[in-house]
Amino acid sequence: MPSVFIKTYGCQMNERDSEAVAAQLVAKGYSLAKSEAMADVVLLNTCSVRDMAERKALNKMANMIGIAKKERPNQVFGFMGCMAQSRGQELVDKLPDVDLVVGTQKFHRTADYLDEILAGRREKIVDTAAEEKSEAAIREHLLNGNAQTSVSAFVSIMQGCNQYCTFCIVPYTRGEERSRTIDDIVAECRDLVSRGVKEITLLGQIVTSYGKRGVGRADLPVSQGSAPIQTPPILPNAGTTSPSPPRSGGEGRGEVVLRAQGEGHSKKSPFVQLLDAVHAIDGLERIRFTSPHPKGYGDDLVEAYARLPKLCESAHLPVQSGSDRLLKIMHRGYTRERFLGIIEKLRRAKPGIGLSTDIIVGFPGETEEDFEQTLSIAREVEFDQAYIFKYSPRRDTPAADMEGQLPTAVKEERNERLLRLVNEIAARNYEKLVNTQVQILVEGPSKKNPARMMGRTRCNKIVVFDGSERHRGQIMDVKITRAGSFTLYGDPAILE
Ligand code: 5AD
């Protein structure tokens, strides 16, 4: 059988999609190649969020095709994911040697399409059409193979985004929000736990919108009827969740859930109901999720941190800007005050909670005063980690046509100033952890130094220590001896 190599650009959702496609291909008998040079099929899973990500993938593909022409004439090439979705046929027009283009609702068709191309039945396939229920098609896991247990796994709970931030291409590449059912998600999580997974990260573009709308059009995201949501009916087969009756109209997925909940649950959003259901899985040790949106960050979610011991005290909460004026133009749906209010509540519920964020610098019309507001929110919150992005105009997005596009030099300068501030604050706070004891879940060898092991604290900080394979999957207490750049070094307090 042929071998395949998948290279992934972009976010964790993309990583997860690639893993599911790889697992689907392995199930069909394909082997996974160690590099593109050794593969019969090379797939690039692409990102469109910034121009740079698109250019990288396009250049990579052009390079590989150039080499293949001389050395591997039969190699098959495909684009998947966000750029495949937004550019479709245009990609084949530009690079005629590309054989396959699969959009974001068609990942699960990749294996069949490759079969057809490799068997010579079809020469080229471009499929970017929408597909009902595609949100539930990202379910297979590789779990490392090689007889090594994966300790941590990602589970996709929904697809798409309805927020339409003016800078963001995602609603156009990922489509409308569609959520999987709680039963379906819990079944996948249970299966992972039975295979040794200890930590699950629930993934979605905006997880706080989970279950609020668009659930495959015809069914509901959450268990209905009188069954308490804490013990949702678990179906034996993840793929056969029985469809609920069609909606009678109206927006409120939340409302439907509330009616189905009965007394005492009326304040829980569908996402918190999902957290409750996943939390009930025996053997699961830790739960994380990414990304929530400040707009939908209700008190029920803050309370969940205090209430659910498996929910790790760490939150990635994208702020994008500290300026109310820009937040409005960005169409973010919250103010600086509201954002700070959430942070305050989270810290009250879980002092020491790990906090990370995304920030865009150089949005059109961003003044020095706006940027100062961003610096000041970074100072005020003291994020443990901030991912800073220079604004990149994206096709079809309103911000791309706004007046006041800033020169690259301004974006770079602001990027540097903010980065310096964030790093200073983080370094100070990481340093404070030296000599404290933290609990880590050991994931495996450290990427930078495979002779050492790495784990993560509940607050999502990486800890590297001298250990061995036998520590993989263990929850251990370690004493922090040293702090590096976004990494802690530790001594196991108790070595078994
Ligand atoms: N330019 C720069 N950064 C962007 N992001 C999204 N769209 C753009 C854009 N056009 C950033 C946001 C988002 C992260 C995933 O990427 O900060 O949270």
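One structure accompanies this document, and this report is about it. (Residues numbered from 1 in each chain as written. Predicted model: local features only at pLDDT ≥ 70, side-chain atom pairs only at ≥ 80, totals over all residues. Heavy atoms only, no water.)

### A short note on the pairing of strand β19 (residues 487–492)
Logical step 1: The pairing of strand β17 (residues 462–465) with β19 spans four bridges and is classified as parallel. The residue bridging V464 from the neighbouring strand is Y489, located in β19.
Logical step 2: Inspection of the sheet shows strand β18 (residues 475–484) paired to β19 by six bridges, in the antiparallel sense. Paired with A483 across the bridge in β19 is L488.
Logical step 3: In sequence, β18 turns back onto β19 through a hairpin of two residues, with F486 there showing a positive phi of about 55°. (Pairing = 2+ DSSP bridges. Helix = DSSP H or I, 4+ residues; strand = E, 2+ residues; numbered from the N terminus.)

### Notes on the nonpolar core
Logical step 1: With 59 residues, the main nonpolar core has L202, F271, L275, F289, Y297 and L346 as its most contacted residues.
Logical step 2: In this structure, A33, L44, A57 and I65 belong to the second largest nonpolar core, which totals 23 residues. (Core = buried A, V, L, I, M, F, W, Y, C linked by side-chain atoms within 4.5 Å. Buried < 20%, exposed > 50% of the residue type's maximum accessible area, 1.4 Å probe, protein only.)

### Concerning the site of the ligand
Logical step 1: For the ligand, the full set of nearby residues is V49, R50, F167, Q320, D358, I360, F389, K390, Y391, S392 and R394.
Logical step 2: Separating an oxygen atom of the ligand from a side-chain N or O atom of Q320 is a distance of 2.7 Å.
Logical step 3: Backbone polar atom of S392 to a nitrogen atom of the ligand: 2.7 Å apart, as the coordinates give it.
Logical step 4: For the ligand, whose free accessible area comes to 410 Å², the fraction covered by protein is 87%.
Logical step 5: Sorting the residues of the shell around the ligand by element identifies β13 (354–361) and β14 (385–390) as the ones contributing at least two each. (Near = heavy atom within 4 Å. Polar contact = N/O pair within 3.5 Å; in protein donor to acceptor, adjacent residues only side chain to side chain. Areas by Shrake-Rupley, 256 points an atom, 1.4 Å probe, with all protein chains shown as cover.)

### Looking at the packing of helix α12 (residues 336–349) against helix α13 (residues 368–381)
Logical step 1: Direction vectors running N to C along α12 and α13 enclose 10°, while the axes themselves pass 11 Å from each other. With respect to their mutual orientation, α12 and α13 come out roughly parallel. Where α12 approaches α13, its residues R336, F339, L340, I343 and R347 are matched on the opposing element by Q373, S376, I377, E380 and V381.
Logical step 2: Among the residues forming the contact of α12 with α13, the class breakdown is five nonpolar, two polar and three charged. (Axes fitted to C-alpha atoms, helices over the stretch in contact; angles between N-to-C directions. Parallel < 35°, antiparallel > 145°, perpendicular 65-115°, else oblique. Contact = heavy atoms within 4.5 Å. Nonpolar A, V, L, I, M, F, W, Y, C, P; charged D, E, K, R; others polar.)

### As for the environment of E188
Logical step 1: Here E188 is to be found in helix α7 (residues 182–194).
Logical step 2: Put simply, E188 and R139 are 49 residues apart on the chain and 7.0 Å apart in space, counted from C-alpha to C-alpha.
Logical step 3: Those residues within four positions of E188 in sequence are excluded, and the remaining contacts are R16, I138, R139, H141, F154, V155 and R180.

### Let's talk about helix α5 (residues 110–118)
Logical step 1: Where α5 is concerned, the buried positions are T110, A111, Y113, L114, E116 and I117.
Logical step 2: Those residues of α5 hidden inside the fold are in contact with α1 (12–27), β3 (41–46), β4 (76–80), β5 (100–102) and β6 (125–127).
Logical step 3: Where α5 ends, the next residue or the one after it, G120, has phi of about 80°, a positive value.

### Notes on the sheet that holds β18
Logical step 1: Strand order in the closed barrel formed by five strands is β15-β16-β17-β19-β18, and the pairing between neighbours is mixed. Each adjacent strand pair in this sheet contributes to an overall mean axis angle of 50°, direction not counted.
Logical step 2: With four bridges connecting them, strand β16 (residues 453–457) and β17 associate as antiparallel partners. Looking at β17, one finds that G455 is bridged to V463.

### Details of the packing of aromatic side chains
Logical step 1: For the structure on display, the rule yields eight aromatic pairs.
Logical step 2: Pairing F271 with F289 gives two aromatic rings, centres 5.0 Å apart and planes at 80°, and the pair type is edge-to-face. Taken as a pair, F271 in helix α9 (residues 270–279) and F289 in strand β11 (residues 286–290) lie far apart in primary sequence, 18 residues in all. Both residues of the pair, F271 and F289, belong to the buried class.
Logical step 3: Each member of the aromatic cluster is reached from another via a ring pair, and the members are F167, F363 and Y391. (Phe/Tyr/Trp six-rings, centres within 6.5 Å; stacked < 30°, edge-to-face > 60°.)

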